[in-house]
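# Tertiary structure, described
For reference, the chains in residue letters:
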Amino acid sequence: MGVIARYREYLPVGPATPEVDLHEGSTPLVPSRNIGRALGLERLFFKYEGLNPTGSFKDRGMVVAVAKALEGGSRVLMCASTGNTSASMAAYAARTGVRAIVVVPSGEIAMNKLSQALMYGAKVVALKGTFDTALDAVRELTSRYPVALMNSVNPNRLEGQKTAAFEIVDALGDAPDYLLLPVGNAGNITAYWKGFREYHKAGHSTRLPRMVGAQAEGAAPIVAGHPIANPRTVASAIRIGNPASWEGATSARDESGGLIAAVTDTEILSAQIRLANTEGLFAEPASAAPLALLIRLVMEGKIEKDSTTVVVLTGSGLKDPDAALNNVEPPIELDGDARTLAKVLKL
Ligand code: F0G
């Protein structure tokens with residue numbers, strides 16, 4: 001079952017909305033076995049969004065946005081992307097038989113994300129500049145031509161993405177105390193906050209979480225309080241200098257009593273390896289940013305040890321293996337038999 005079927009009553013869909021579904025959503029809320037204990041946190045969970053059909057949380061919003069675009073008669077879909085949005089949009093466009101055009105910042109997105117968009121049959125344009133340049137161009141074109149804008153400025157994207165908050169509440173029986181996630185274009189933090197509030201209002205939870213957003217230090221416009229012209233970080237998914245949902249992110253932060261802070265690339269990569277090494281969860285660098293922030297906040301004594309904390313792992317580590325492989329030992333090259341192997345492995 002996809003998110004439209006599962007949460008239909010909370011979504012802007014009706015009898016005229018076409019059925020679209022890649023079995024997105026229903027991702028596991030995995031309890032930490034090791035990091036939580038090491039940090040002294042009793043209840044730490046990972047929302048494993050990399051298990052969505054195209055490997056990121058984007059599928060939740062895309063399925064709703066594509067269904068609504070089809071309902072409205074669109075035949076051409078377009079987005080700007082740091083990679084995951086384009087992969088997701090291309091998949092749903094392929095499935096429903098409409099054209100997909102994606103604009104990505106040239107040379108700035110992970111190869112595996114690009115390969116997804118190409119394999120799903122999208123027309124891919126690599127535009128010189130940043131994600132922000134690409135989004136400006138896409139917004140202009142979609143306002144002038146009969147082409148549907150599929151970035152998270154499309155409210156249907158956020159409607160679908162909010163279902164992740166519902167799932168967390170459904171799994172825990174209440175909202176967590178803290179919800180940590182990466183912030184790039186800021187759509188997801190906006191969507192989660194909307195989801196938590198709606199579900200609370202509907203009586204499914206007794207409280208609301210504090211929303212904690214992580215940006216990368218070289219791409220932290222919200223933390224800096226102004227746009228960043230040339231955002232830089234290893235976490236290419238959140239290499240964004242002027243988030244479209246800026247306002248949504250700061251409202252989520254302020255209304256929830258949360259915070260948005262920046263972590264360094266070194267912290268991101270070390271959190272990424274720790275997550276893979278000690279939990280068996282391989283997430284892309286952007287997804288490790290909130291874990292890096294959590295580690296810092298716990299060390300600063302800013303998270304109560306008995307709190308329920310959820311870290312959203314927004315995308316699969318398989319999306320961007322190059323970023324990870326720079327930080328692990330390469331395979332041992334060997335020409336030999338079992339005996340030499342045993343010796344090398346010190347068995
Ligand atoms: N994590 C991953 C893996 C992402 O791909 C993104 C955004 C984010 C976090 C941040 O979410 O933008 O809602 O604040 N990726 C977009 C894209 C920009 O084009 O795929 P956000």
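Residues numbered from 1 in each chain as written. Predicted model: local features only at pLDDT ≥ 70, side-chain atom pairs only at ≥ 80, totals over all residues. Heavy atoms only, no water.

Moving on, we get to the site of the ligand. Close to the ligand lie 21 residues, the nearest being Ser81, Asn84, Asn185, Ala186 and Thr314. Interatomic distance of 3.2 Å between a backbone N/O atom of glycine 187 and an oxygen atom of the ligand. A distance of 2.8 Å separates an oxygen atom of the ligand from a polar backbone atom of asparagine 188. Bound to the protein, the ligand loses 98% of the 470 Å² it would expose on its own. Elements supplying a minimum of two residues to the shell around the ligand: helix H4 (84–96) and helix H9 (187–201). Partitioned by chemical class, the residues of the shell around the ligand number eight nonpolar, 11 polar and two charged. (Near = heavy atom within 4 Å. Polar contact = N/O pair within 3.5 Å; in protein donor to acceptor, adjacent residues only side chain to side chain. Areas by Shrake-Rupley, 256 points an atom, 1.4 Å probe, with all protein chains shown as cover. Helix = DSSP H or I, 4+ residues; strand = E, 2+ residues; numbered from the N terminus. Nonpolar A, V, L, I, M, F, W, Y, C, P; charged D, E, K, R; others polar.)

Considering all chains together, one arrives at one cavity of 30 Å³ or more under this definition. Along the walls of the largest cavity sit 28 residues, with Phe57, Lys58, Gly184, Asn185 and Ala237 positioned nearest its centre. At the level of elements, H4, helix H7 (155–161) and H9 are the ones that each hand at least two residues to the lining of the largest cavity. Tallying contributions element by element places H9 first for the lining of the largest cavity, with three residues. (1 Å grid on protein atoms, 1.4 Å probe; cavity = no way out; pocket = protein on both sides within 12 Å on 5 of 7 lines; lining within 4 Å. Points joined across faces, edges and corners; volume = space filled by probe spheres on them.)

Right, let's talk about the pattern of salt bridges for a bit. All told, the structure shown has 17 salt bridges when counted by the stated rule. A salt bridge links glutamate 198 to lysine 194, with the nearest nitrogen and oxygen atoms 2.6 Å apart. Highlighted residues: glutamate 198 and lysine 194, both in helix H9, separated by four residues, approximately one helical turn. Among the residues examined, lysine 194 registers a relative accessible area of 26% and is labelled partly exposed. Linked by salt bridges that have partners in common, Arg6, Lys47, Glu49, Arg60 and Glu167 make up one network. (Salt bridge = Lys/Arg side-chain N within 4 Å of Asp/Glu carboxyl O. Buried < 20%, exposed > 50% of the residue type's maximum accessible area, 1.4 Å probe, protein only.)

In this section: unusual backbone geometry. Negative phi is the rule for most residues except glycine; trans is the rule for most peptide bonds. Even without glycine at this site, histidine 23 takes up a positive phi of about 60°. Tracing the sequence through the fold places histidine 23 in the loop between helix H1 (3–6) and strand E1 (29–31). Judged by its relative accessible area of 54%, histidine 23 is exposed. At alanine 186, a position not held by glycine, the phi torsion is positive, near 75°. Turning to its location among the elements, alanine 186 is positioned in the loop between strand E7 (178–182) and H9.

Keep in mind that these numbers describe shape and distance, not what the molecule does.
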